[in-house]
Amino acid sequence: LAALSAASREMATVRRGFIPTLPDELPIANGEIVELLSSYDDGWCLCVNGRGEQGVVPRECLQVDTDNNGG
């Protein structure tokens, strides 16, 4: 996979915390900012948090920040 440039990063704010039950899931807290790496048809998103931890979270827990992505 090609690396994404800083301009193409899609950021999201956590609007509802999530506690993982599986090893590939990412714990997130309300108000946290995460970067969306991929979004899947099953309602899950692959994200990375500010500490560099990566995992999947339910998309319904995120508010995608479209206003600040230049589009």
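Residues numbered from 1 in each chain as written. Predicted model: local features only at pLDDT ≥ 70, side-chain atom pairs only at ≥ 80, totals over all residues. Heavy atoms only, no water.

Engineer: I'm lost on the overall build of the chain in this one. Help?
Structural biologist: Broken down by element type, the chain carries zero helices and five strands. Taken from the N to the C terminus, the helices and strands of the chain come in the order β-β-β-β-β. Counting over 71 residues, the chain shows a buried share of 31%. Within the structure as shown, the chain displays about 4,800 Å² of accessible surface, and the carbon and sulfur contribution to it stands at 51%. (Helix = DSSP H or I, 4+ residues; strand = E, 2+ residues; numbered from the N terminus. Buried < 20%, exposed > 50% of the residue type's maximum accessible area, 1.4 Å probe, protein only. Areas by Shrake-Rupley, 256 points an atom, 1.4 Å probe, with all protein chains shown as cover.)

Engineer: I would appreciate a short explanation of the nonpolar core in the present structure.
Structural biologist: Looking at soluble globular proteins, one finds that nonpolar side chains tend to be buried together. Ala12, Ile28, Val34, Leu36, Cys47, Val57 and Leu62 are the most contacted members of the largest nonpolar core, which has 13 residues in total. Setting aside chain neighbours within four positions, we find Val57 in contact with Phe18, Leu26, Ile28, Gly43, Trp44, Cys45, Cys47 and Leu62. (Core = buried A, V, L, I, M, F, W, Y, C linked by side-chain atoms within 4.5 Å. Contact = heavy atoms within 4.5 Å.)

Engineer: Looking at this model, I keep getting lost on the pattern of salt bridges. Mind explaining?
Structural biologist: When their charged atoms lie close together, side chains carrying opposite charge are able to pair. What the rule picks out here adds up to four salt bridges. Here Arg16 ties to Glu60 by a salt bridge, and the two come within 3.3 Å at their closest N and O atoms. Of this pair, Arg16 sits in the loop between β1 (10–14) and β2 (33–39) while Glu60 sits in the loop between β4 (54–58) and β5 (62–64); the two residues are 44 residues apart in sequence, bridging distant segments of the chain. Glu32 is the partner of Arg51 in a salt bridge, and the nearest nitrogen-oxygen pair spans 3.9 Å. With Arg51 in the loop between β3 (44–48) and β4 and Glu32 in the loop between β1 and β2, this residue pair connects regions lying 19 residues apart in the sequence. Overlapping salt bridges bring together Glu32, Arg51 and Glu53 as one network. (Salt bridge = Lys/Arg side-chain N within 4 Å of Asp/Glu carboxyl O.)

Engineer: Can you walk me through the side chain of Glu35 in this structure?
Structural biologist: Note on placement: Glu35 falls in strand β2. With residues up to four places along the chain from it excluded, the contact list for Glu35 reads Arg9, Glu10, Met11, Leu46, Cys47 and Val48.

Engineer: Just checking my understanding: could you explain the pairing of β3 for this structure?
Structural biologist: Remark: a regular strand shows side chains that alternate across the two faces of the sheet. For β3, a buried count of four out of five residues is recorded, marking the element as mostly surrounded by other parts of the structure. Of the pairings in the sheet, the one linking β3 to β4 comprises five bridges and is antiparallel in character. Residue pairing in the sheet places Trp44 in a bridge with Pro58 of β4. (Pairing = 2+ DSSP bridges.)

Engineer: Got a minute to help me understand the packing of aromatic side chains in this structure?
Structural biologist: A ring pair, where both rings are aromatic, is described by two values, the distance of the centres and the angle of the planes. Following the criterion strictly, the structure yields one aromatic pair and no others. Aromatic pair Phe18 and Trp44: ring centres 5.8 Å apart, planes at 75°, arrangement edge-to-face. Residue Phe18 is located in the loop between β1 and β2, and its partner Trp44 is located in strand β3; the two are separated by 26 residues in the primary sequence. Residue class for Trp44 comes out partly exposed when judged on its relative accessible area of 26%. (Phe/Tyr/Trp six-rings, centres within 6.5 Å; stacked < 30°, edge-to-face > 60°.)

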